2 protein chains.
Amino acid sequence: DAFATPFFEHVDDSISQYIFELGEAVAIPSISADLPKHLPDILRMMEWTKDYISRLGGSVQLLPNPIEKDDNGHDLPPILLAEFKAATNSDKKKTVCCYAHLDVQPASKEDGWHSDPFTLTEKDDKLYGRGSTDDKGPALSWLWVIQAHQKLNVDLPVNVKLMFEGMEESGSVGMFDAIQILSKEGQFLSDVDFFCISDSYWLGASKPCLTYGLRGLAYFSVSVQCCEQDLHSGMLGGTVHEAMTDLVQLMSSLVESSGKILVPGIMDDVAPVTADEEALYDGIDFDCEAYKRENKVVATKLMHDNKKDLLMGRWRYPTLSLHGIEGAFGGPGAKTVIPAKAVGKFSIRLVPNQDPKQIEKQVAEHLNKVFADIDSPNKMEVTLLHGARAWLSDPKHPNFEAAAHATEKVYGLSPDYTREGGSIPITTAIEEATKMNVCLLPVGACDDMAHSQNEKYNKRNLINGVKVLGIYLHELGKFEG
Amino acid sequence: DAFATPFFEHVDDSISQYIFELGEAVAIPSISADLPKHLPDILRMMEWTKDYISRLGGSVQLLPNPIEKDDNGHDLPPILLAEFKAATNSDKKKTVCCYAHLDVQPASKEDGWHSDPFTLTEKDDKLYGRGSTDDKGPALSWLWVIQAHQKLNVDLPVNVKLMFEGMEESGSVGMFDAIQILSKEGQFLSDVDFFCISDSYWLGASKPCLTYGLRGLAYFSVSVQCCEQDLHSGMLGGTVHEAMTDLVQLMSSLVESSGKILVPGIMDDVAPVTADEEALYDGIDFDCEAYKRENKVVATKLMHDNKKDLLMGRWRYPTLSLHGIEGAFGGPGAKTVIPAKAVGKFSIRLVPNQDPKQIEKQVAEHLNKVFADIDSPNKMEVTLLHGARAWLSDPKHPNFEAAAHATEKVYGLSPDYTREGGSIPITTAIEEATKMNVCLLPVGACDDMAHSQNEKYNKRNLINGVKVLGIYLHELGKFEG
Ligand SMILES: [Zn+2]
Ligand SMILES: [Zn+2]
Ligand SMILES: [Zn+2]
Ligand SMILES: [Zn+2]
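Parameters at a glance
- Residues numbered from 1 in each chain as written.
- Chains lettered and ligands numbered in written order.
- Predicted model: local features only at pLDDT ≥ 70, side-chain atom pairs only at ≥ 80, totals over all residues.
- Heavy atoms only, no water.
- Donors = N, O, S within 2.8 Å, 3.2 Å for Na, K, Ca; no water.
- Tetrahedral: all angles 85-135°; square planar, octahedral: opposite > 155°, others 65-115°.
- Helix = DSSP H or I, 4+ residues; strand = E, 2+ residues; numbered from the N terminus.
- Buried < 20%, exposed > 50% of the residue type's maximum accessible area, 1.4 Å probe, protein only.
- Contact = heavy atoms within 4.5 Å.
- Domains from an automatic or database assignment.
- Buried area = accessible area lost by both parts, 1.4 Å probe.
- Salt bridge = Lys/Arg side-chain N within 4 Å of Asp/Glu carboxyl O.
- Pairing = 2+ DSSP bridges.
- Axes fitted to C-alpha atoms, helices over the stretch in contact; angles between N-to-C directions.
- Patch = residues over 30% accessible without salt bridge, like charges linked within 9 Å, V, L, I, M, F, W, Y side chains within 5 Å.
- Areas by Shrake-Rupley, 256 points an atom, 1.4 Å probe, with all protein chains shown as cover.
- Lys, Arg positive; Asp, Glu negative; His and termini not counted.
- Charge placed at Lys NZ, Arg CZ, Asp CG, Glu CD.
- Least-squares fit on C-alpha atoms with pLDDT ≥ 70 in both.
- Polar contact = N/O pair within 3.5 Å; in protein donor to acceptor, adjacent residues only side chain to side chain.
- Nonpolar A, V, L, I, M, F, W, Y, C, P; charged D, E, K, R; others polar.
- Parallel < 35°, antiparallel > 145°, perpendicular 65-115°, else oblique.
- Left-handed = near helix turned anticlockwise from the far one by under 90°.

Trainee: Teacher, can you tell me more about the coordination of the zinc ion (ligand 1) here?
Mentor: Put simply, a metal with four donors set out as a tetrahedron has ideal angles of 109.5 degrees, and one with six donors set out as an octahedron has ideal angles of 90 or 180 degrees. All names here are of chain A. Surrounding the zinc ion (ligand 1) are the protein donor atoms H101 (NE2), D134 (OD), D199 (OD) and D199 (OD), at 2.0 to 2.7 Å. Taken together, the four donor atoms coordinating the zinc ion (ligand 1) and their angles of 53 to 147 degrees define a geometry best described as irregular. Going along the chain, you hit the donors of the zinc ion (ligand 1) in the pattern H-x32-D-x64-D.

Trainee: Looking at this model, I keep getting lost on the environment of G324(B). Mind explaining?
Mentor: Topologically, G324(B) is positioned in strand β11 (residues 319–326). On the basis of relative accessible area, G324(B) is assigned to the buried category, the value being 0%. Separated by 293 residues in the primary sequence, G324(B) and I31(B) place their C-alpha atoms 28 Å from one another. If near-sequence neighbours (up to four positions away) are discounted, G324(B) is found in contact with M244(A), A328(A), F329(A), M251(B), V343(B), G344(B) and K345(B).

Trainee: I tried to follow the coordination of the zinc ion (ligand 4) on my own but got confused; where do I start?
Mentor: Residues and elements named next belong to chain B. Of the protein atoms, only D134 (OD), E169 (OE), E169 (OE) and H451 (NE2) coordinate the zinc ion (ligand 4), at distances of 2.0 to 2.6 Å. One way to put it: the four donor atoms around the zinc ion (ligand 4) meet at angles of 54 to 136 degrees, and that makes the site irregular. A separation of 3.1 Å is found between the zinc ion (ligand 4) and the zinc ion (ligand 3), both of which receive a donor from D134. One end of the pair, D134, is in helix α4 (residues 132–151); the other, H451, is in the loop between β17 (437–440) and β18 (456–458), with 317 residues separating them in the sequence. The class for D134 is buried, based on a relative accessible area of 5%. You can call H451 partly exposed: its relative accessible area is 45%.

Trainee: Mind showing me how you'd approach the domain arrangement of chain A here?
Mentor: How big an interface is tends to be stated in terms of the accessible area lost upon association of its parts. Residues and elements named next belong to chain A. Considered domain by domain, chain A is made up of domain 1 (4–214 + 390–476) and domain 2 (216–271 + 316–388). Between the C-alpha centres of domain 1 and domain 2 there is a distance of 39 Å. At the interface, seven residues of domain 1 touch seven residues of domain 2. Both faces combined, the contact of domain 1 with domain 2 buries some 530 Å², and carbon together with sulfur accounts for 56% of it. Looking only at domain 1, the three residues that lose the most surface to domain 2 are A390, R419 and S423, adding up to 71% of its buried area. Counting across the domain 1 and domain 2 interface gives zero salt bridges.

Trainee: Help me understand the pairing of strand β17 (residues 437–440) of chain A in this model?
Mentor: Both faces of the sheet carry side chains from a regular strand, because those side chains alternate between them. All names here are of chain A. Both faces of β17 are covered, namely the face carrying N437 and C439 and the face carrying V438 and L440. Judged from the four bridges that link them, strand β7 (residues 194–197) and β17 form a sheet pairing that is parallel. Counterpart to C196 in the pairing with β17 is C439.

Trainee: Help me understand the sheet that holds strand β13 (residues 341–350) of chain B in this model?
Mentor: Sheet strands pair by backbone hydrogen bonding; their relative direction is either parallel or antiparallel. All names here are of chain B. One open sheet holds the four strands; their spatial order is β11-β13-β9-β14, and the pairing between them is antiparallel. On the outer flanks of this sheet lie β11 and β14 (379–388), each paired with one strand and no other. Sheet twist, expressed as the mean angle between neighbouring strand axes with direction ignored, is 20 degrees. When strand β9 (residues 216–225) meets β13, the two strands line up antiparallel, connected through 10 bridges. When the bridges of β13 are listed, F220 appears paired with F346.

Trainee: Could you clarify how one ought to interpret a negative patch on the surface in this entry?
Mentor: Together, D285(A), D287(A), E289(A) and E294(A) make up a region of like negative charge exposed at the surface. Structurally, E289(A) is set in helix α9 (residues 288–294).

Trainee: I'm lost on the pattern of salt bridges in this one. Help?
Mentor: All names here are of chain A. Scanning the entire structure with this criterion turns up 48 salt bridges over all chains. Taking the shortest distance from any N to any O, the salt bridge between K467 and D12 comes out at 2.9 Å. Of this pair, K467 sits in helix α14 (residues 459–476) while D12 sits in helix α1 (residues 4–13), placing them 455 residues apart in sequence. We classify K467 as buried; its relative accessible area is 9%.

Trainee: I keep staring at the relation of the copies chain B and chain A and nothing clicks. Help me out?
Mentor: The operation relating the two chain copies consists of a rotation about an axis and a shift along that axis. If you rotate chain B by 180 degrees and push it 0.1 Å along the axis, it lands on chain A with an RMSD of 0.1 Å. Overall, the copies show the geometry of a two-fold rotation axis. With an isologous cut-off of 70% or more, the 100% of interface residues of chain B that recur at the interface of chain A puts this contact in the isologous class.

Trainee: How do you make sense of the interface of chain B and chain A when you look at a structure like this?
Mentor: Contact with chain B, which involves 78 residues of that partner, is made by 78 residues of chain A. Buried area between chain B and chain A, both sides added, is near 6,100 Å², and the carbon and sulfur share of it is 55%. Among the residues chain B hides against chain A, the three largest losses belong to T239(B), S257(B) and V298(B). Together they make up 11% of the total. Here chain B and chain A share zero salt bridges between them. Taken together, the connections running from chain B to chain A amount to 45 residue pairs in polar contact (both at pLDDT 80 or more). Among the elements that make up the side of chain B that touches chain A, the one with the highest residue count is β11(B) (eight residues). For the side of chain B that touches chain A, the class distribution of residues is 32 nonpolar, 32 polar and 14 charged.

Trainee: Would you mind showing me how to read the sheet that holds strand β4 (residues 121–123) of chain B here?
Mentor: All names here are of chain B. Here three strands make up an open sheet; going across it, the order is β4-β5-β18 and the pairing antiparallel. Since the sheet does not close on itself, it has two edges, and those belong to β4 and β18, each with one partner. Pairwise comparison of adjacent strand axes, ignoring direction, gives a mean angle of 25 degrees for this sheet. Where strand β5 (residues 126–128) lies against β18, three bridges are found, and the strand directions are antiparallel. The partner of Y128 across the bridge, within β18, is K456. Most of the contacts of helix α14 (residues 459–476) go to β18, to which it runs at about 65 degrees, and overall it touches β4, β5 and β18.

Trainee: Sorry if this is basic, but what is going on with the pairing of β7(A) here?
Mentor: Residues and elements named next belong to chain A. Where burial is concerned, the two faces of β7 agree: the one with F194 and C196 and the one with F195 and I197 are both buried. Of the pairings in the sheet, the one linking strand β3 (residues 95–101) to β7 comprises four bridges and is parallel in character. When the bridges of β7 are listed, C98 appears paired with C196.

Trainee: Is there a simple way to think about the packing of helix α1 (residues 4–13) of chain B against α14(B) in this case?
Mentor: Residues and elements named next belong to chain B. One can describe the packing of α1 onto α14 by two numbers: an axis separation of 10 Å at closest approach and a directional angle of 150 degrees. In this view, α1 runs roughly antiparallel relative to α14, as classed from their interaxial angle. Every pair of crossing elements has a handedness; the one defined by α1 and α14 is right-handed. Contact residues: A4, F7, F8, V11 and D12 in α1; I463, V466, K467, G470 and I471 in α14. Counted by class, the contact of α1 with α14 contains seven nonpolar, one polar and two charged residues.

This is the structure we're talking about:
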């Protein structure tokens, strides 16, 4: 391939430069959880990236955060918007927008890091450092792809836009408003044809994948109140209907140990498994026993004993988790309190076709019925705290096909098509605002320990990641404007 | 009555002195919850009392706490032991030992006190201050009774021993060991005939009572573990059997909203209601609606709609309370965690004839059966954290009869015979070690707010309390040595 061969060679030759530059980025502790203390670091990281883009000849601006202050009154970082137009025929070429984030999770050596988290440290072909894989490595990879084109004197096959934020690890504050604004006619996102996000991970440690689905969420609280103040179980036990007794009855009516959700109608809208979908599971590289080990499961078995059922349980069926109880005694030891008001927290992971509003209705009806059957004189209330639909893309969409071809060219094998059980709200926000396809194209491995101690990015993933993203642009370039 | 008339007159005349001295005692912040900070204050309170007793001519010693250090390595206060022997015929006279405590609950103005908690403040015939009713007022009353006899030149009708501790509000650390030691042949408690404790409250605000029963306690934890570390419900929900799901099933199997305990066999040993016992309830001064109001119950009704059933539910039947869950999400807001290990806390208030060991066996068998039915692969464990039998005395015992007669002479009416739903472990400890009768003789009112803001002691209760305790000694003196 006229481009791939010299490109791959260039990338292989540039590894020292990449590691040096990733080290510069990791050294900036751009921790968004700790505003205002680290706001200057996030700004510094933004400026560092802006300067890099300017040196590469891109146009770049820092869009002030649409939300002026966070809930605590602190200033918020801007959003970096950049563009590299193809030198020739840019009007006829497609435009891809790559999203990434420049902020990181907190980290400190005392938490159990083997090396300073803000000093990129190479060991056994792994690059240890906070943000190495989440998400500074992938973010910089886009810049290195542009740089490679310039060094090799190859025009960009598509116009490339970059949208990098600095609040992802803290709820992407301002980003959802920004996407609304930027998607309007004539704005930054209005001419984008494809989106690509490299901010998730392979299912395993060795085989690349593309992610085409995410579950949604309906998060509930259910409260029962018997009194205005906590009571002493010795003094008053036996004279009042206790809130905790009722709440535990309500919570136990929601789900069985087997995982079966007991809310009537909850499975009605779940999309059936198609033959096409089922076929995607057969080749997936996944080891149930390794999964059990990695997650330190002490139960004698997992929910399912085979790969397909286990992954379907994780990705494509709703699940209900009981998270805990607010207002009850949660400490160690023995306290003889009758809680005045106990608030159960639970959530249902939603799958395609499930509507949070409909789920809310079913859950409320069910709990109201159970509470009526209990015949308690206490006060009960069900509240949907947060609702978000599932996201499901078409793995045969040209955007995914381009990513698959790029993966094949670099790794010599087809990617697994995976979903994730959790949600990445920015994905849905972009698709809904722009009506364009988003491809989740992970470049890091499942054992990269994002958010944990000793986060790392494999040198192999770094090199191959740059290669995949570069070829991906050329695959997109095959589509007509 | 030769003694009562001048005695009552003396007490009425001494109110200014009593208030002044109670003020001195309240001014010493002898807070046992805050060792070592307040240890010097507890010691000062002990010395203050010791000096007072010495001035009255009693013999007094401070017994070093049998437990040298508390769990945090802090020194513990001693136990005050004093004796006033009758001047004549002391060998033929009975001996009564009065227990009280000189330490207090924490308090600070900022918590919502209308006046400084450590400055005894008189308002509307109420004496506000921390420890005024719990338990410095009652403790000093014994000294005032002795003083009155000296002022009136009347010999003591019984030998009087005092046992005052300084750790009651913090678990009576060392007191249980001390009781064991002091009950041995030839030791301080070995010749005591009657015990009296004034450290509880009337059932209501206006009618005196004697307390002849306390419930016991079996406090349990039940834990379910699925993993060694908390999981994310998005990432892993649907692949593991969740600990919380199982725990809530277990907890919901214990008790119904109606209060009915579902553990098989749990009611087998409950003593039946006798006609004698039932008769005690009829005259009791108790208002269900006022009780509902005072405890700020928001439920539409109490567990029972009549006095007898409500008090029996509170005093003489076992109750099961679910206190909370350790290890689950207990904070405000929405966190999508699958707790790795959730530990439910619950306790059963025990009544006469119930054995904590037997209850433990029944609860463990029940939960093991429910867990087996669930067929969960998780790990489950039931633990009895604390067990104590109920205490039930004979309201017709001479000790109680003496207290009843004293109450009648002072108040002109017979006391109610009450039980309490909670436990006062020192009561059982004394009875088991000495085999002698303990009378719980409350002198404070139900609305004295012990342990709460604006604790107070009514002037009326203070005056009548000294009178009742004085006459009580003379009633005991009628029994032969
Ligand atoms: Zn990320
Ligand atoms: Zn992250
Ligand atoms: Zn007390
Ligand atoms: Zn107390």
